[in-house]
Amino acid sequence: MTRFTDRVTVVTGAGSGLGRATARRLAAERALVAALDIDEAAAKDTAAQIEADHGTARAYACDVSDWASVEPAVARVANDLGRPQLLVNCAGIGKFVRSEEETPESWSRIVGVNLTGTFLMCRAVLPHLLGGGGVIVNVASNAGLMGQPYSAAYCASKGGVVNLTRALAVEYRARGVRVNAIAPGGMNTPMISTFGFPEGAKTEDFAAITSPIGYAEPEEQAGLIAFIASDEGRYMIGQIVSMDGGITCG
Ligand code: NAP
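Below is a short write-up of the structure. (Residues numbered from 1 in each chain as written. Predicted model: local features only at pLDDT ≥ 70, side-chain atom pairs only at ≥ 80, totals over all residues. Heavy atoms only, no water.)

Turning our attention to the nonpolar core. One finds Leu36, Val77, Met121 and Leu126 to be the most contacted residues of the largest nonpolar core, which totals 30 residues. Listed by contribution, the elements that provide at least two residues to this core are β1 (8-12), β2 (32-37), α3 (67-81), α4 (104-130), α5 (152-172) and β6 (177-184). Considering every element that reaches this core, the biggest residue donor is α4, with eight residues. Setting aside residues no more than four positions away along its own chain, Val77 makes contact with Val8, Val10, Ala34, Leu36, Tyr60, Gly82 and Pro84. Within the second largest apolar cluster, 29 residues are counted, among which are Ala27, Ala47, Leu86 and Val139. (Core = buried A, V, L, I, M, F, W, Y, C linked by side-chain atoms within 4.5 Å. Buried < 20%, exposed > 50% of the residue type's maximum accessible area, 1.4 Å probe, protein only. Helix = DSSP H or I, 4+ residues; strand = E, 2+ residues; numbered from the N terminus. Contact = heavy atoms within 4.5 Å.)

Below, the structure written as structure tokens:
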């Protein structure tokens, strides 16, 4: 399939996990990929993998939580590759911690990257999308749709991404910009191993937020993103699409 031929596509968090899988999937469908990550070397690795597969990609250092980093990064993408037509906000962080032990700094960082970072990227790319149409796909989480223990900042930030997505969707739906989000459950990426369930936490708590069929592979979620972002998803606006192994179904 080549659903994204020559579409300039910005992917954040592209140095790892879902961002890398999404960058590679969209490039395989002939998108021109701007791989953004706070870890520039990791973004370069992703771009090199895409080039090795005969795709087109460039790497950019970008801290999505910092407007002073976001604005010039998006300007460079537009200058190098042309008008961005698709934005996929994959950058994210999180950890498990008892809420009575969460530090204000850690709270601010998680909300700053996951929620404010998603907004800042939308803010920077929207003027380009409005100049001829485009699509945004945000990455929420099952943790944005249900209570999850030991992750108040993460849940709050992802719940914020859910309603940020809906707010942008209604604001721009008549102006040629579609905004949706996916809400993955557990995914087999480096992030999952760094969350670290708190010592002494009940195994039932962990079981309640884990699918009985295990984790998804990031490539599976990347396939969902590709569908939503493609013209096949033309009529999908303001949706939060769960692919979570049934965690949120009842
Ligand atoms: P990952 O493998 O850790 O990848 C996240 C990438 O984002 C990393 O390369 C990370 O760089 C980068 N990043 C962190 N902070 C950034 C910043 N301020 N600016 C730019 N890039 C930044 O995690 P993942 O599992 O692929 O997660 C991708 C998205 O899926 C996240 O939004 C996450 O919340 C969401 N999600 C994940 C799961 C899961 O189970 N894995 C489930 C539901 C939703 P560093 O490695 O240098 O920090």
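Here the focus is the site of the ligand. In the region of the ligand, 30 residues are neighbours, and Ser16, Leu18, Asp37, Tyr154 and Thr189 sit closest. Interatomic distance of 3.3 Å between a backbone N/O atom of Cys62 and a nitrogen atom of the ligand. Between the ligand and Thr189 there is a distance of 2.4 Å, counted from an oxygen atom to a side-chain nitrogen or oxygen. Relative to its free-state accessible area of 890 Å², the ligand is covered by the protein chains to the extent of 88%. Under a 2 Å grid-point criterion requiring more than half of the atoms, the pocket assigned to the ligand is the largest pocket. When contributions to the shell around the ligand are tallied by element, the ones reaching two or more residues are α1 (17-28), α4, α5 and α6 (190-194). (Near = heavy atom within 4 Å. Polar contact = N/O pair within 3.5 Å; in protein donor to acceptor, adjacent residues only side chain to side chain. Areas by Shrake-Rupley, 256 points an atom, 1.4 Å probe, with all protein chains shown as cover. 1 Å grid on protein atoms, 1.4 Å probe; cavity = no way out; pocket = protein on both sides within 12 Å on 5 of 7 lines; lining within 4 Å. Sits in = over half its atoms within 2 Å of the grid points.)

With that settled, consider the packing of α3 against α4. Two numbers describe how α3 lies on α4: the axes approach to 9 Å, and their chain directions differ by 30 degrees. The angle between the axes of α3 and α4 places the two elements in the roughly parallel class. As α3 runs across α4, the sense of the crossing is right-handed. On the side of α3, the interface is formed by Trp67, Val70, Val74 and Ala78, while α4 contributes Leu120, Met121, Arg123, Ala124, Val125 and His128. Across the contact of α3 with α4, the residue classes break down as eight nonpolar, one polar and one charged. (Axes fitted to C-alpha atoms, helices over the stretch in contact; angles between N-to-C directions. Parallel < 35°, antiparallel > 145°, perpendicular 65-115°, else oblique. Left-handed = near helix turned anticlockwise from the far one by under 90°. Nonpolar A, V, L, I, M, F, W, Y, C, P; charged D, E, K, R; others polar.)

This brings us to the state of the cysteines. All told, the structure shown has zero disulfides when counted by the stated rule. Cys155 supplies the cysteine sulfur nearest to Cys249, a cysteine that is in no disulfide, at a spacing of 18 Å. (Disulfide = S-S within 2.5 Å.)

On to α4. For α4, built from 27 residues, the straight-helix expectation of 39 Å at 1.5 Å per residue is met to within 8% by its first-to-last C-alpha distance of 37 Å. Following α4 by one or two positions, Gly132 adopts a phi angle in the positive range, close to 140 degrees. (Expected span 1.5 Å × (residues − 1).)

Counted under the stated rule, the structure contains nine salt bridges. For Asp53, the salt bridge is made with Arg24, and the minimal N-O distance between the two is 2.7 Å. In this pair, Asp53 is assigned in the loop between α2 (40-52) and β3 (56-61) and Arg24 in helix α1, connecting sequence segments 29 residues apart. For Asp53, a relative accessible area of 45% puts it in the partly exposed group. Given a relative accessible area of 34%, Arg24 falls into the partly exposed group. Residues participating in the shared-partner salt-bridge network are Arg3, Arg25, Glu29 and Glu232. (Salt bridge = Lys/Arg side-chain N within 4 Å of Asp/Glu carboxyl O.)

What follows concerns the sheet that holds β3. Ordered by their spatial adjacency, seven strands build an open sheet running β3-β2-β1-β4-β5-β6-β7, and the pairing between neighbours is parallel. Every interior strand has two partners, whereas the edge strands, β3 and β7 (240-243), have only one. Each strand axis lies, on average, 20 degrees off the axis of its neighbour in the sheet, ignoring direction. Of the strand pairs in this sheet, β1 and strand β4 (residues 84-89) are connected by five bridges, and their pairing is parallel. The residue of β4 that forms the bridge with Thr9 is Leu86. Contacts from α1 reach β1, β2, β4, β5 (134-139) and β6 within the one sheet, and its direction differs from that of β1 by about 165 degrees. α5 rests against β5, β6 and β7 of the sheet, and its axis sits at about 160 degrees to β6. (Pairing = 2+ DSSP bridges.)

Further remarks concern the side chain of Asn89. On the secondary structure map, Asn89 appears in strand β4. The class of Asn89 is buried, set by a relative accessible area of 2%.

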